[in-house]
Amino acid sequence: TLVRVVLSPIPSFPEPSALYTACKMVRWLSAKLGPTVASRHVARNLLRLLTSCYVGPTRQQFTVSSGESPPLSAGNIYQKRPVLGDIVSGPVLSCLLHIAHLYGEPVLTYQYLPYISYLVAPGSASGPSRLNSRKEAGLLAAVTLTQKIIVYLSDTTLMDILPRISHEVLLPVLSFLTSLVTGFPSGAQARTILCVKTISLIALICLRIGQEMVQQHLSEPVATFFQVFSQLHELQQQDLKLVPAGRGEGQLPQVVFSDGQQRPVDPALLDELQKVFTLEMAYTIYVPFSCLLGDIIRKIIPNHKLVGELAGLYLESVSPSSRNPASMEPTVPSTGPEWDPQGGGCPQDDGHSGTFGSVLVGNRIQIPNDSRPENPGPLGPISGVGGGGLGSGSEDNALKQELPRSAHGLSGNWLAYWQYEIGVSQQDAHFHFHQIRLQSFPGHSGAVKCVAPLSGEDFFLSGSKDRTVRLWPLYNYGDGTSETAPRLVYTQHRKSVFFVGQLEAPQHVVSCDGAVHVWDPFTGKTLRTVEPLDSRVPLTAVAVMPAPHTSITMASSDSTLRFVDCRKPGLQHEFRLGGGLNPGLVRALAVSPSGRSVVAGFSSGFMVLLDTRTGLVLRGWPAHEGDILQIKAVEGSVLVSSSSDHSLTVWKELEQKPTHHYKSASDPIHTFDLYGSEAVTGTVSNKIGVCSLLEPPSQATTKLSSENFRGTLTSLALLPTKRHLLLGSDNGVIRLLA
């Protein structure tokens with residue numbers, strides 16, 4: 001919902017501060033959620049909704065401020081000619097680039113670029129078609145985003161993916177742009193904007209990679225772009241040869257062109273095409289490309305003479321005394337003639353090797369600060385960016401920018417796991433365990449007895465035999481082999497800590513070593529300590545109530561359940577659970593998500609369900625044949641319990657028989673957590689299992705490798721949003737695995 005707010009049309013934000021605040025919040029969320037969740041739920045929706053910024057004729061109008069030249073009256077090539085859609089999409093692109101800054105270049109190449117390929121991919125239907133307004137806007141969004149991506153790619157990465165950019169982005173865009181049978185819903189205006197943006201994109205790539213690489217990798221896109229002028233020129237001739245053979249009702253006429261190819265032509269589109277590929281557009285394309293490509297223009301563009309003649313006709317119509325660019329042989333810029341303000345020729349030699357007033361250093365373009373011509377021609381500056389010159393210091397006009405290195409950049413195991421996750425459907429409700437080690441958290445000197453993630457999943461708590469509770473950050477760092485230090489260590493316990501949890505409403509931490517400690521996770525200050533009433537009757541199990549409740553429920557060895565409100569002194573409630581029986585010690589407690597009931601599990605395998613509002617025992621039954629090790633309560637009045645009798649059982653609160661019953665073959669399931677309708681289990685033999693709680697029941701088990709996990713598994717917690725596992729061991733080290 002928040003992402004959609006950011007992408008709402010600008011008029012919905014009456015004050016700029018509201019838009020600024022929304023963008024800041026999306027950026028904050030992107031860092032807080034981590035790379036997988038940010039890419040799956042934030043970046044993915046930003047990409048989808050980027051298209052909305054260009055839908056409709058009003059979003060496809062050039063924005064011309066006072067003092068600027070008309071949109072197509074400048075002969076420069078790499079320039080930003082913004083349309084209203086560019087202004088609307090500004091905050092969206094800003095958030096997308098911020099995610100790339102956070103998690104590195106793979107976000108650009110593995111998530112953004114494939115989505116661009118999807119946007120520009122032709123439809124499945126062969127034959128003439130007409131774009132819809134969504135596809136039309138998608139083409140504009142794709143070219144705009146590609147231009148942003150190219151600027152931030154390193155030289156090595158750009159050369160690696162250049163064939164993909166050519167075949168998956170440029171050629172599909174050009175197939176729509178130069179099509180003789182596909183019309184644009186917004187007509188010539190949308191096609192003109194796409195043409196200008198595509199010119200700018202190809203020119204940017206040319207400036208980045210140099211002439212030789214252009215000839216090797218971009219010959220086909222550049223030639224395709226120029227070829228449309230020849231096709232339209234031939235269509236205007238009088239001796240067109242229509243091929244009537246095989247033409248049925250509703251079929252388009254076939255035209256044989258000078259290259260021998262026979263292509264269908266929609267006569268209704270000729271007017272739209274002629275409005276786009278005018279003499280002015282020919283000049284806009286020809287002059288700068290002749291400077292960028294030099295002599296190789298004759299090798300890769302067969303019809304360069306025709307386009308040059310069209311550009312010359314445009315110059316004559318504007319200024320009859322102008323020289324015809326077609327009468328000049330295109331030359332390499334480093335040896336080209338001096339710049340003619342009226343002629344539209346190439347920039348004068350700047351004494352360096354390079355193109356278009358730039359310096360070529362290896363595969364990198366170095367832009368001199370003084371590359372802006374002093375006297376631009378009457379049609380505007382040629383070698384500039386929107387009139388500012390290629391050496392402009394503006395961030396929007398840069399040919400290349402370094403992507404800032406972030407401590408959270410993806411590499412190693414993090415990158416491998418992230419690549420898998422972004423390809424998983426958002427509708428996939430299953431937990432997949434791949435045994436990929438993401439991070440290690442050493443620090444405890446004793447066995448880890450319990451782990452509990454905080455509600456935001458950006459921190460987690462751990463309690464240990466070393467009598468400490470530690471607060472750890474959960475932000476991605478390193479390549480999977482890195483170790484993270486705790487953010488805070490709580491040292492006020494006197495015995496082994498067997499429970500730790502968070503009171504969500506007041507944001508306090510609750511931990512227990514036989515006495516309950518309530519403390520502030522930000523400062524580590526103890527807020528309250530609840531000692532057992534009798535030292536001979538210690539506390540054996542603790543649970544916290546869900547928000548908005550602020551109570552803690554504690555079970556003692558005399559089968560008494562007590563409630564304490566952390567805001568008030570003394571006891572809140574006290575209930576007896578035994579009922580005259582001797583069920584043993586309370587081993588586990590669980591509170592329902594609504595807070596209306598609590599279930600206690602005893603060492604004898606007996607379970608008791610209590611109504612927290614009345615204190616009445618709703619049900620008591622022999623659930624297992626051994627000690628109950630852990631209980632979880634979930635929505636729908638469902639209880640899940642594990643026991644030393646090797647079983648994991650699913651119950652309905654008030655039904656006598658269990659819904660499902662699983663049996664572990666070798667070891668009891670001493671720790672487990674829930675993910676939707678699945679239970680993720682752990683045993684002392686270091687086996688992780690995933691059990692379905694629905695029909696039909698199923699179970700998959702994975703043995704932890706010694707490379708990813710050392711020691712014996714003692715505790716387990718699942719991060720449901722990030723789909724990670726926290727595994728505690730008897731050697732005091734906690735591992736984050738996916």
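Residues numbered from 1 in each chain as written. Predicted model: local features only at pLDDT ≥ 70, side-chain atom pairs only at ≥ 80, totals over all residues. Heavy atoms only, no water.

Let's talk about the overall build of the chain
Reasoning step 1: Check the secondary structure of the chain and you find 14 helices and 33 strands.
Reasoning step 2: The 738 residues of the chain split such that 56% are buried.
Reasoning step 3: For the chain, contacts bridging at least 24 residues in sequence account for 58% of all contacts bridging at least 6.
Reasoning step 4: Counting every atom, the chain has about 31000 Å² of accessible surface; 52% of that belongs to carbon and sulfur. (Helix = DSSP H or I, 4+ residues; strand = E, 2+ residues; numbered from the N terminus. Buried < 20%, exposed > 50% of the residue type's maximum accessible area, 1.4 Å probe, protein only. Contact = heavy atoms within 4.5 Å. Areas by Shrake-Rupley, 256 points an atom, 1.4 Å probe, with all protein chains shown as cover.)

Section: the packing of helix α4 (residues 106–120) against helix α6 (residues 155–177)
Reasoning step 1: Between α4 and α6, whose axes approach to 9 Å, the crossing angle comes to 20 degrees. Regarding the angle of α4 to α6, the classification is roughly parallel. As for the relative orientation of α4 and α6, their crossing is left-handed in sense. Here Thr 109, Leu 113, Pro 114, Ile 116, Ser 117 and Val 120 of α4 lie close against α6, whose contacting residues are Thr 157, Ile 161, Arg 164, Ile 165, Glu 168, Val 169, Pro 172, Val 173 and Phe 176.
Reasoning step 2: Here the contact of α4 with α6 is built from residues that sort into 10 nonpolar, 3 polar and 2 charged. (Axes fitted to C-alpha atoms, helices over the stretch in contact; angles between N-to-C directions. Parallel < 35°, antiparallel > 145°, perpendicular 65-115°, else oblique. Left-handed = near helix turned anticlockwise from the far one by under 90°. Nonpolar A, V, L, I, M, F, W, Y, C, P; charged D, E, K, R; others polar.)

Quick word on the environment of Ser 411
Reasoning step 1: Summarising the element assignment, Ser 411 is placed in the loop between β5 (364–366) and α14 (412–421).
Reasoning step 2: Residue Ser 411 is classed as partly exposed on the basis of its relative accessible area of 29%.
Reasoning step 3: Separated by 69 residues in sequence, Ser 411 and Gly 480 place their C-alpha atoms 8.1 Å apart.
Reasoning step 4: Excluding residues within four positions of it along the chain, Ser 411 makes contact with Gly 478 and Asp 479.

Regarding the nonpolar core
Reasoning step 1: In terms of nonpolar packing, the biggest core is built from 129 residues, with Leu 96, Tyr 112, Phe 225, Phe 277 and Leu 726 touching the most fellow members.
Reasoning step 2: It is helix α7 (residues 188–209) that provides the largest number of residues to this core, a total of 15 residues.
Reasoning step 3: Phe 575, Val 591, Phe 606 and Val 608 belong to the second largest nonpolar core, which has 17 residues in total. (Core = buried A, V, L, I, M, F, W, Y, C linked by side-chain atoms within 4.5 Å.)

Comments concerning the packing of helix α3 (residues 84–103) against α4
Reasoning step 1: Interhelical geometry of α3 versus α4 gives an angle of 135 degrees and a closest axis separation of 8 Å. Between α3 and α4, the interaxial angle falls into the category oblique. Contacts between α3 and α4 involve Leu 96, Ile 99, Ala 100 and Tyr 103 from the first element and Pro 106, Val 107, Leu 108 and Tyr 112 from the second.
Reasoning step 2: In the contact of α3 with α4, the residues fall into 8 nonpolar, no polar and no charged.

Observations regarding the UniProt feature "repeat: WD" (unreviewed entry) in the chain
Reasoning step 1: The feature "repeat: WD" (unreviewed entry), as given by UniProt, occupies residues 441–472 in the numbering adopted here.
Reasoning step 2: Its end C-alpha atoms 8 Å apart, residues 441–472 is made of 0% helix and 53% strand. (UniProt positions renumbered as here; feature names shortened; annotations may be inferred.)

A short note on the environment of Ala 22
Reasoning step 1: In this fold, Ala 22 is placed in helix α2 (residues 16–50).
Reasoning step 2: Looking at Ala 22, the relative accessible area reads 7%, which means it is buried.

Quick look at the sheet that holds strand β8 (residues 459–464)
Reasoning step 1: Strand order in the open sheet formed by 4 strands is β7-β8-β9-β10, with antiparallel pairing between adjacent strands. If you trace the sheet from one side to the other, it starts and ends with β7 (448–453) and β10 (488–490), each paired once. When the angles between neighbouring strand axes are averaged without regard to direction, this sheet yields 20 degrees.
Reasoning step 2: Note that β8 and strand β9 (residues 469–473) share 5 bridges and pair antiparallel. Its bridge partner being in β9, Ser 462 is matched across the sheet by Arg 470. (Pairing = 2+ DSSP bridges.)

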